[in-house]
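Commentary on secondary and tertiary structure
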Amino acid sequence: MTQEAGELDSLVRKRIRALRVAQGWSLEELAARARVSQSTLSRIENGQRRLALDQLVTLARALDTSLDQLVETATDDVVSCPMIDAAHAQMRWPVKADPGMTVVRRRMTEPPPDNPARMRAHPGREWLVVLSGTATLLLGNRRFRVETNQAAEFPTMLPHAIGAEGGPCEILGIFDRDARRGHQRDEDRTGPDRPAR
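About the thresholds
Residues numbered from 1 in each chain as written. Predicted model: local features only at pLDDT ≥ 70, side-chain atom pairs only at ≥ 80, totals over all residues. Heavy atoms only, no water. Salt bridge = Lys/Arg side-chain N within 4 Å of Asp/Glu carboxyl O. Helix = DSSP H or I, 4+ residues; strand = E, 2+ residues; numbered from the N terminus. Buried < 20%, exposed > 50% of the residue type's maximum accessible area, 1.4 Å probe, protein only. Arc of directions from axis to C-beta. Contact = heavy atoms within 4.5 Å. Axes fitted to C-alpha atoms, helices over the stretch in contact; angles between N-to-C directions. Parallel < 35°, antiparallel > 145°, perpendicular 65-115°, else oblique. Nonpolar A, V, L, I, M, F, W, Y, C, P; charged D, E, K, R; others polar.

In the structure shown here, the tally under the stated rule is 5 salt bridges. A salt bridge links E153 to R125; the nearest nitrogen and oxygen atoms lie 3.2 Å apart. With E153 in strand β7 (residues 151-155) and R125 in strand β4 (residues 125-132), this pair connects stretches of sequence that are 28 residues apart. Connected through salt bridges with shared partners, the residues R145, E147 and E165 form a single ionic network.

Encoded structure:
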């Protein structure tokens, strides 16, 4: 066995144990869920039994994860720098684990639009947290006040807009691919200072 294969083997064993412990399960509980004997599971975790693909698939399923995630190796590019989008006054970070996801940090100074016709709807889903200040989220015909450290999550097919309330606010949003495209089109039409979200 090569050193790299040995390191992966050790990592997978540690991951199985860590996932089991995180669920609060004993060896007996995970063994029952995976339909293996408790002694087999113990030997797998302790490196005394060879890892077999069929057992890894069964264990991954029992641990509510995928085989890919169970055997995923650590990457060197853990820390990333933002892409600065000066045209839209925001910073963006792509999510490596899911290339369709983007994290956006944005400072807002304007309140949401008064005119409901300026609210936008598009495919996708959005999650945001207010880092500082207070934001107003218009969602359909409802109005939400989102304060510092509060988060909001919603499908973007609902007409929506967001803006600052009572002074500047800063938000961190996570968009799926469809939501990000919808927001880019809106921002290109209205400019960075207009809250046409």
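Turning next to helix α4 (residues 53-62). For α4, the complete set of buried residues consists of Q55, L56, L59, A60 and A62. When α4 is viewed along its axis, its buried side chains cluster within an angular range of 160 degrees and face the same direction. In this structure, α4 carries L53, D54 and R61 as exposed residues pointing more than 90 degrees from its buried face. Remark: D64 follows α4 within two positions and exhibits a positive phi of approximately 60 degrees.

Within the element layout of this structure, Q55 appears in helix α4. Residues within four places of Q55 in sequence aside, it is in contact with T40, I44, R49 and R50.

What follows concerns the packing of helix α2 (residues 27-34) against helix α3 (residues 38-46). Between α2 and α3, the least distance of the axes is 8 Å, while the angle of their chain directions is 105 degrees. As the angle between them shows, α2 and α3 are arranged roughly perpendicular. Between α2, through L27, E28, L30 and A31, and α3, the contact on the second element is made entirely by Q38, L41, S42 and E45. Across the contact of α2 with α3, the residue classes tally to 4 nonpolar, 2 polar and 2 charged.

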